[in-house]
Amino acid sequence: MQIVRTIIWVMILFGMLTFSFFNWDTVEVNLWENLVLETKVPVLVIVAFLLGLVPMWLYHRSVKWSLDRRVRSLEASIKSNALAHRHSPAASEAAPGTSSVPVGKPVDSPVDNPVDSPIETGAKAEDSLNVTPRPTGDKPA
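Rules of the game
Residues numbered from 1 in each chain as written. Predicted model: local features only at pLDDT ≥ 70, side-chain atom pairs only at ≥ 80, totals over all residues. Heavy atoms only, no water. Helix = DSSP H or I, 4+ residues; strand = E, 2+ residues; numbered from the N terminus. Buried < 20%, exposed > 50% of the residue type's maximum accessible area, 1.4 Å probe, protein only. Contact = heavy atoms within 4.5 Å. Phe/Tyr/Trp six-rings, centres within 6.5 Å; stacked < 30°, edge-to-face > 60°. Lys NZ or Arg CZ within 6 Å of the ring centre and 35° of its normal. Axes fitted to C-alpha atoms, helices over the stretch in contact; angles between N-to-C directions. Parallel < 35°, antiparallel > 145°, perpendicular 65-115°, else oblique. Left-handed = near helix turned anticlockwise from the far one by under 90°. Nonpolar A, V, L, I, M, F, W, Y, C, P; charged D, E, K, R; others polar.

J.: Would you mind going over the overall build of the protein with me for this structure?
T.: Along its length, the protein carries three helices and two strands. For the protein, the α and β elements follow one another from N to C terminus as α-β-β-α-α. The 141 residues of the protein split such that 3% are buried. For the protein, contacts bridging at least 24 residues in sequence account for 15% of all contacts bridging at least 6.

J.: What is the right way to look at the packing of aromatic side chains in this model?
T.: Two aromatic rings, taken as a pair, are described by how far apart their centres are and by the angle between their planes. According to the stated counting rule, one finds one aromatic pair in the structure shown. Ring geometry for Phe21 against Phe22: centres 5.1 Å apart, planes inclined by 80°, an arrangement best described as edge-to-face. Assigned by exposure class, Phe21 and Phe22 land together as exposed. It is Arg69 that lies over the ring of Trp65; its NZ or CZ is 4.9 Å from the centre.

J.: What's the story with the packing of helix H1 (residues 2-22) against helix H2 (residues 41-86) in this structure? I'm lost.
T.: Close contact between H1 and H2 brings their axes to 9 Å; oriented N to C, the two are set at 150°. With respect to their mutual orientation, H1 and H2 come out roughly antiparallel. With respect to the hand of their crossing, H1 and H2 are arranged in right-handed fashion. In this structure, H1 contributes Trp9, Ile12, Met16, Phe19 and Ser20 to the contact, and H2 contributes Val41, Pro42, Val45, Ile46, Phe49 and Leu53. Class assignment of the residues belonging to the contact of H1 with H2 gives a composition of ten nonpolar, one polar and no charged.

Without other data, these values stay purely geometric and don't point to any function.
The structure is reproduced here in structure tokens:
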């Protein structure tokens, strides 16, 4: 992605340099009635480009910063929550030989039964996910 961004910026720079080379003319810009700015055309183009780019870039950076902060805080809360469950008092109060919780199983496991063994038989033709057609007289619910 970095190479694509670099290529785009090089193309923009090359375009601006080409435009500047062929349009190096002096223009007058009336800011107010008695205030006239005499400048070159490429300067006006570059200033207009930056006036459009900089505010959007700053907005993008601020949103990215706030989302990064949110992600970091959520990751920290998940990590602390996992560590709290790992070092819960229920696991440390029981004597090493009298624990009813098997080694490797979390203390507050939502599933009491272990995962079933894998199915040894293959799939049959009637196990497909195709929907059977309804009789024409029934209306859908």
